[in-house]
Amino acid sequence: MPEPAAEIVKLYFDYKSPFAYLAKDPAFALHERYRVELRWIPFVLRLKAPGERSIYSDRKARYSYMDARRWANRRGGFKIKGPPKIYDSRPALIGGLFAQRCAASGMQVGDRDMFRAYTDEVYRRFFERTLEIDRAEEIAALIAELGGSAGEYEAYLGGAGEGDLAACLDEADADQVFGVPMFVLRGELFWGYDRMDFLEQRMGELGLGR
């Protein structure tokens, strides 16, 4: 008897979120234990720069990065450095949509599809401060390094990419998304890396376990 079709779970993400970075690997692994297919959807976090926030918001931001490093240390100590400025992540997010298109066409990077490889590298390099996600030329160079076409990315960025990203943001608005990582399962929202246990519990209750 064939296995039932996989349940679609949406995951809204932004490459400048340390907690979306923490959620990345566990999210990619969900299909190993559950009959789910993850749909990665870009979302642009709108952050205020230092000096535009209240003193309490500044304290919260510093604490958030400290907490993210605690989680990273528990997971094996990968680097999470606080970014030196507020980034417009659109070039990297449109790069993610481009990488999804490449993956859909069958492009692989070793044992990973193009989107997984691109996402792994963008998160790691951004939080190690070796990639500027707001600079299209650096995103193009990374795509070329992974075996994709920098020129095709640049054409997509200057063409359909903005419209595709806008459609993602409209969908996020319809889903009432306010932050990342945000998982959506049958219309139910699960916000944050530390809510993934609740997500998995819900998937179990729905009989989605393998």
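The coordinates are above.
First, a word on what this report is: a plain description of the structure on this page.

What counts, and where the lines are drawn
- What you see as residue numbers is a count from 1 along each chain, following the sequence as written.
- Totals for whole chains, interfaces and linings use every residue, but because this is a predicted model, local features are given only for residues with pLDDT of at least 70 and side-chain atom pairs only at 80 or more, for both listing and counting.
- Derived side-chain values reflect all non-hydrogen atoms in the structure, with water molecules and hydrogen atoms excluded from consideration.
- For patch detection, residues must exceed 30% relative accessible area and be free of salt bridges, and they are connected within 9 Å for like charges or within 5 Å for nonpolar side chains (Val, Leu, Ile, Met, Phe, Trp, Tyr).
- With residues, only the protein chains shown are counted as cover, and all accessible areas are computed by Shrake-Rupley using a 1.4 Å probe.
- Salt bridges are defined as contacts in which a side-chain nitrogen from Lys or Arg sits within 4 Å of a carboxyl oxygen from Asp or Glu.
- Whether a residue is buried, partly exposed or exposed follows from its accessible area with a 1.4 Å probe, protein chains only, as a fraction of its type maximum: under 20%, in between, or over 50%, in that order.
- For helices the rule is a DSSP run of H or I covering at least 4 residues; for strands it is a run of E covering at least 2, with both sets numbered from the N terminus onward.
- For the purposes of this section, nonpolar cores are sets of buried Ala, Val, Leu, Ile, Met, Phe, Trp, Tyr and Cys residues that join through side-chain atoms within 4.5 Å.
- A contact between two residues is defined here by any heavy atoms of the two lying within 4.5 Å.
- The aromatic pairing rule takes the rings of Phe, Tyr and Trp, using the six-membered ring of Trp, and pairs them if the centres are within 6.5 Å, calling planes under 30 degrees apart stacked, those over 60 edge-to-face and the rest tilted.
- What makes two strands pair is DSSP finding at least two bridges between them.
- In this tally Asp and Glu are treated as negative and Lys and Arg as positive; neither His nor the chain ends contributes.
- In this description, the location of a charge corresponds to atom NZ of lysine, CZ of arginine, CG of aspartate or CD of glutamate.
- Under the convention used throughout, the expected extent of a helix is 1.5 Å for every residue step, that is, one less than its residue count.
- The reported arc concerns the directions from the helix axis to the C-beta atoms and nothing else.

## A short note on a nonpolar patch on the surface
On the surface, a nonpolar cluster with roughly 320 Å² of combined accessible area is contributed by Phe 178, Leu 189 and Trp 191. By relative accessible area, Phe 178 is classed as exposed at 52%.

## Regarding helix 1 (residues 18–28)
For helix 1, the buried fraction is high: 8 of the 11 residues fall into the buried class. Within the sequence span of helix 1, burial applies to Pro 18, Ala 20, Tyr 21, Leu 22, Ala 23, Lys 24, Ala 27 and Phe 28.

## Points about the nonpolar core
Soluble globular proteins tend to bury their nonpolar side chains together. Ranked by internal contacts, the top residues of the largest apolar core, which has 67 residues, are Tyr 12, Tyr 15, Leu 30, Tyr 118, Phe 183 and Met 203. Setting aside its immediate chain neighbours within four residues, Tyr 15 contacts Ala 92, Leu 93, Gly 96, Phe 115, Tyr 118, Thr 119, Val 122, Tyr 123, Phe 126, Phe 127 and Ile 133.

## Some thoughts on the packing of aromatic side chains
Taken as a whole and assessed by the stated rule, the structure comprises 17 aromatic pairs. Each ring, one from Phe 13 and one from Tyr 15, has its centre 5.1 Å from the other, and the planes form 70 degrees; the classification is edge-to-face. You'll find Phe 13 and Tyr 15 in the same group, each marked buried. By the ring-pair criterion, three or more aromatic residues cluster together here, those being Phe 13, Tyr 15, Tyr 21, Phe 28, Trp 40, Phe 78, Tyr 87, Phe 115, Tyr 118, Tyr 123, Phe 126 and Phe 127.

## Digging into the pairing of strand 5 (residues 182–185)
Burial along strand 5 is two-sided: Met 182 and Val 184 facing one way and Phe 183 and Leu 185 facing the other are all buried. The sheet contact formed by strand 1 (residues 7–13) and strand 5 spans 3 bridges and is antiparallel. Opposite Leu 11, over in strand 5, you have Phe 183 as the bridge partner. Of the pairings in the sheet, the one linking strand 5 to strand 6 (residues 188–191) comprises 4 bridges and is antiparallel in character. Bridge pairing in strand 6 links Met 182 to Trp 191. Adjacent in sequence and paired antiparallel, strand 5 and strand 6 are bridged by 2 residues, among which Arg 186 carries a positive phi angle near 50 degrees.

## What to know about a positive patch on the surface
A surface patch of positive charge is lined by Arg 69, Lys 79, Lys 81 and Arg 129. On the secondary structure map, Lys 79 appears in the loop between helix 3 (55–75) and helix 4 (90–104).

## Concerning the side chain of Lys 24
Residue placement: Lys 24 occurs in helix 1. When its relative accessible area of 5% is taken as the criterion, Lys 24 is described as buried. Leave out the neighbours within four places in its chain, and Lys 24 touches Trp 40, Thr 119, Asp 120 and Tyr 123.

## Quick notes on the side chain of Asp 120
By the element assignment, Asp 120 lies in helix 5 (residues 114–127). In this view, Asp 120 contacts Lys 24, Asp 25, Phe 28 and Arg 112; residues no more than four positions away in its chain are not counted.

## Regarding helix 8 (residues 160–174)
When the terminal C-alpha atoms of helix 8 are compared, their 21 Å separation across 15 residues agrees well with the 21 Å that a helix rising 1.5 Å per residue should span. Three or more residues of helix 8 are buried, namely Gly 161, Leu 165, Cys 168, Leu 169 and Ala 172. Projected onto a plane normal to the axis of helix 8, the buried residues spread over an arc of 95 degrees and lie on a single side. Opposite the buried face of helix 8, by more than 90 degrees, sit the exposed residues Asp 170, Asp 173 and Ala 174. On its buried face, helix 8 is in contact with strand 1, strand 2 (36–42), helix 4 and helix 7 (150–157). With its phi angle positive at about 65 degrees, Gln 176 sits one or two positions after the end of helix 8.

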